[in-house]
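Chains, contacts and geometry: an overview
Residues per chain, in single letters:
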Protein chains: 2
Amino acid sequence: MSDIKFTDRRTGSNPLFLRDEEIREGVELLFYAYRDHVSDPDNILRKQGFGRAHHRVIHFVGRNPNINVAELLKILRITKQSLGRVLKQLVDEDIINQRVSTEDRRQRLLTLTDKGEELERILSEPQRQRFARAYREAGPEAVAGFRKVLEGLINEDERRAILDKITRS
Amino acid sequence: MSDIKFTDRRTGSNPLFLRDEEIREGVELLFYAYRDHVSDPDNILRKQGFGRAHHRVIHFVGRNPNINVAELLKILRITKQSLGRVLKQLVDEDIINQRVSTEDRRQRLLTLTDKGEELERILSEPQRQRFARAYREAGPEAVAGFRKVLEGLINEDERRAILDKITRS
DNA sequence: TAATATACGTCAACATGTCTGACATAAAAT
DNA sequence: ATTTTATGTCAGACATGTTGACGTATATTA
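Keep in mind the model is a prediction, meaning the values are calculated, not measured. (Residues numbered from 1 in each chain as written. Chains lettered and ligands numbered in written order. Predicted model: local features only at pLDDT ≥ 70, side-chain atom pairs only at ≥ 80, totals over all residues. Heavy atoms only, no water.)

Some words on the protein's contact with DNA strand D
The following threshold applies: Note on terminology: near, applied to a residue and a molecule or strand, indicates that one of the residue's heavy atoms is within 4 Å of it. Side-chain atoms alone can form a polar contact between residues adjacent in sequence; in general such a contact is a pair of N or O atoms within 3.5 Å, and within protein one must be able to donate a hydrogen while the other accepts it. Note on conventions: DSSP H or I runs of at least 4 residues are helices, E runs of at least 2 residues are strands, and numbering of each starts at the N terminus.
The environment of DNA strand D is formed by 24 residues, the closest being Lys80 and Arg106 of chain A together with Arg56, Ser82 and Arg85 of chain B. Alanine 70 of chain A is positioned such that a nitrogen or oxygen atom in its backbone is 2.7 Å from a phosphate oxygen of DNA strand D. Contact distances for DNA strand D include 3.4 Å between a phosphate oxygen and a backbone N or O atom of alanine 53 of chain B. Elements with a contribution of two residues or more to the surface near DNA strand D: helix H3 (69-76) and helix H4 (80-92) of chain A together with helix H2 (52-63) and helix H4 (80-92) of chain B.

Quick word on helix H2 (residues 52-63) of chain A
All names here are of chain A. Worth spelling out the cut-off: Between the first and last residue of a helix there are one fewer steps than residues, each counted as 1.5 Å, and that sum is the expected span. Think of it in three bands: with a 1.4 Å probe and only protein chains considered, a residue is buried below 20% of the maximum accessible area for its type, exposed above 50%, and partly exposed in between.
If you check H2, its first and last C-alpha atoms are 16 Å apart, about what 12 residues at 1.5 Å a residue would give, namely 16 Å. Burial analysis of H2 places nine of its 12 residues in the buried class, the great majority of the element. Every buried residue belonging to H2 is among His54, His55, Val57, Ile58, His59, Phe60, Val61, Gly62 and Arg63, and all of these are buried.

Let's talk about the nonpolar core
As a reminder, the rule being used: Take the buried Ala, Val, Leu, Ile, Met, Phe, Trp, Tyr and Cys residues and link them wherever side-chain atoms come within 4.5 Å; each set so joined is a nonpolar core. In what follows, a contact means two residues having at least one pair of non-hydrogen atoms within 4.5 Å.
Core analysis: the largest hydrophobic core is formed by 90 residues, its most contacted members being Val57 of chain A together with Val57 of chain B. Sequence-distant contacts of valine 57 of chain A, defined by excluding residues within four places in its chain, comprise Leu72, Leu76, Leu83, Val86, Leu87, Leu90 and Ile96 of chain A.

Overview of the interface of chain B and chain A
Worth spelling out the cut-off: Salt bridges, as used here, are contacts in which a Lys or Arg side-chain nitrogen is within 4 Å of a carboxyl oxygen on Asp or Glu.
If you look at the interface, chain B gives 68 residues, while chain A gives 69 residues. Our count for the contact surface shared by chain B and chain A stands at 16 salt bridges. In this structure, the salt-bridge partner of glutamate 21 of chain A is arginine 63 of chain B, at a minimum N-O distance of 3.7 Å. Put simply, chain B and chain A have 24 residue pairs in polar contact (both at pLDDT 80 or more) between them. Elements that contribute at least two residues to the side of chain B that touches chain A include exactly helix H1 (20-46), H2, helix H3 (69-76), helix H5 (114-138), helix H6 (140-153) and helix H7 (156-166) of chain B. Residue contributions to the side of chain B that touches chain A peak at 19 residues, all from H1 of chain B.

Focus on the packing of H2 of chain A against helix H5 (residues 114-138) of chain A
The relative placement of two packed helices is expressed as an angle between their axes plus a distance between the axes. All names here are of chain A. Rule in force here: Fitted lines through C-alpha atoms give the axes, limited to the stretch in contact for helices. The angle between two N-to-C directions lies from 0 to 180 degrees. An angle below 35 degrees is treated as roughly parallel, one above 145 as roughly antiparallel, one from 65 to 115 as roughly perpendicular, and anything else as oblique. Residue type decides the class: Asp, Glu, Lys and Arg count as charged, Ala, Val, Leu, Ile, Met, Phe, Trp, Tyr, Cys and Pro as nonpolar, and the leftover types, Gly among them, as polar.
Taken N-terminus to C-terminus, the directions of H2 and H5 make an angle of 105 degrees; their axes are 10 Å apart at the nearest point. Put simply, H2 runs roughly perpendicular to H5. Contacts between H2 and H5 involve His55, Ile58, His59 and Arg63 from the former and Gly116, Leu119, Glu120, Leu123 and Gln127 from the latter. Residues belonging to the contact of H2 with H5 are distributed by class as follows: three nonpolar, four polar and two charged.

Thoughts on the relation of the copies chain B and chain A
To keep things clear, this is the line we draw: The copies were overlaid by least squares, fitting only the C-alpha atoms of residues that reach a pLDDT of 70 or more in each copy.
Once turned by 180 degrees and shifted 0.0 Å along the axis, chain B lies on chain A with an RMSD of 0.1 Å. In symmetry terms, the pair is related by a two-fold rotation axis. Minimal C-alpha distance to the rotation axis in chain B is attained by phenylalanine 146 of chain B, lying at 1.8 Å. Looking at the interface residues of chain B, 99% of them are also at the interface in chain A, so both copies use one shared face.

Brief notes about the protein's contact with DNA strand C
Arg56, Thr79 and Arg85 of chain A together with Lys80 and Arg106 of chain B are the nearest of the 24 residues found near DNA strand C. Take the atoms of DNA strand C that sit within 4 Å of the protein: sugar and phosphate atoms are 51% of them. At a separation of 2.7 Å, a phosphate oxygen of DNA strand C approaches a polar backbone atom of alanine 70 of chain B. Take lysine 80 of chain B: an N or O atom from its side chain is 2.5 Å from a base oxygen of DNA strand C. Counting residues per element, the ones that place at least two in the surface near DNA strand C are H2 and H4 of chain A together with H3 and H4 of chain B. Sort the elements by how many residues they give to the surface near DNA strand C and H2 of chain A lands first, with four residues. In terms of residue class, the surface near DNA strand C is made up of four nonpolar, nine polar and 11 charged.

Side note on the pattern of salt bridges
Throughout the structure, instances matching the rule amount to 36 salt bridges over all chains. Note that aspartate 36 of chain B and arginine 35 of chain B form a salt bridge whose closest N and O atoms lie 3.3 Å from each other. Within this structure, Arg35 and Asp36 of chain A together with Arg77 and Glu158 of chain B form a network of salt bridges that share partners.

A short note on the layout of surface pockets
Our working definition: Definitions used for this entry: grid spacing 1 Å over protein atoms alone; cavity, a set of points where a 1.4 Å probe fits but cannot get out; pocket, an open set with protein on both sides within 12 Å along at least 5 of 7 lines; lining residue, one with an atom within 4 Å of a point. Grid points are joined across faces, edges and corners, and a volume is the space filled by probe spheres set on the points.
Taken as a whole, the largest pocket spans an internal volume of roughly 700 Å³. What lines the largest pocket is a set of 26 residues, and nearest its centre among them are Tyr34, Arg52 and Arg56 of chain A together with Tyr34 and Arg52 of chain B. Those elements giving two or more residues to the lining of the largest pocket turn out to be helix H1 (20-46) and H2 of chain A together with H1 and H2 of chain B. Of the residues in the lining of the largest pocket, the class split is 10 nonpolar, four polar and 12 charged.

Thoughts on the sheet that holds strand E3 (residues 108-112) of chain A
Residues and elements named next belong to chain A. Here is the rule we go by: At least two DSSP bridges between two strands are needed for those strands to be called paired.
Strand order across the open sheet formed by three strands is E1-E3-E2, with antiparallel pairing between neighbours. Both edges of this open sheet fall to strand E1 (67-68) and strand E2 (96-100), since each of them pairs with a single strand only. Of the strand pairs in this sheet, E1 and E3 are connected by two bridges, and their pairing is antiparallel. Across the sheet, residue isoleucine 67 finds its bridge partner in E3, namely leucine 110. Contacts from H2 reach E1, E2 and E3 within the one sheet, and its direction differs from that of E3 by about 100 degrees.

If you want it as structure tokens, here you go:
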């Protein structure tokens, strides 16, 4: 501990930046950012009788049109029984459409209905605004760093596949 | 910056980097990173009969020794009845210690017991490792950007207070 | 000092989202 | 023809959250 205490931990310019304190602050920042980030759609959905589970389904079906149930389960890491209830509600409410795959007629492919697309837009709007603000305030280089670290936080064995999926568009 | 369409969106060097796609990818990355990040302690705790709620309490009491109940509720954004159940278990299991504040004898100040400190260490270890790996791979500048963006994602009206608390040490 | 407000605990009832386990069906793969 | 896969569903349980109501000790204020 010679002159380390004089380096600014927050700039990350300290070669010992991997120290506990730096990391703990990252963990906490992530908690608060995520808490606020998900609170937006949570509040909207509660008024409609849906919850966070519904939002995740809407989000990932929106992002992955024609996804099948098994793949959706893998992403969400829940059981099919859990998904079943939520999915049934969304289908009943005409948010999500199920249709039989032509290639494999066992599979049910999921898409958002028009109503679902609309709801998705409403739900993601405040999140996009929040990100837009954060990105704007932080600047392009910070955004690049943000993405880089997030990628590194993802499980190594799935990272490649996830990144391919996300940036496939 | 005339030929914007040739800039690489992912480097953030594009002045139009706020576009939907860029933001959408950020939202997704955040989801996956957070999902994996919280899965570590989740798995450990399940074996001990605790859940994610217990982890959050352990974490924030650990980070805020002598926090009182009202403040903890504000952080967690749950009701005192919800907290009550979890807290009672943690006190019964000698993970958390409650004592009456000398300044205001209505308040119960919460701290981790030695056993609680030990458990906290076990729980946060894989998270710290995950962060250490991600930070190492991404480099100091990326880490600075990561933090900057996360800060921007936090609700504006609470940001200052949260940052003060996190970096107060 | 008396009245009120605050911090906390607790009981009850209920909603949601998750789980495990078991079983059924249709379709694909062997 | 048999087995495996993708999905759905029923039943029962648990974890975590909610509202609402009430009690108690202590602090604050009129």
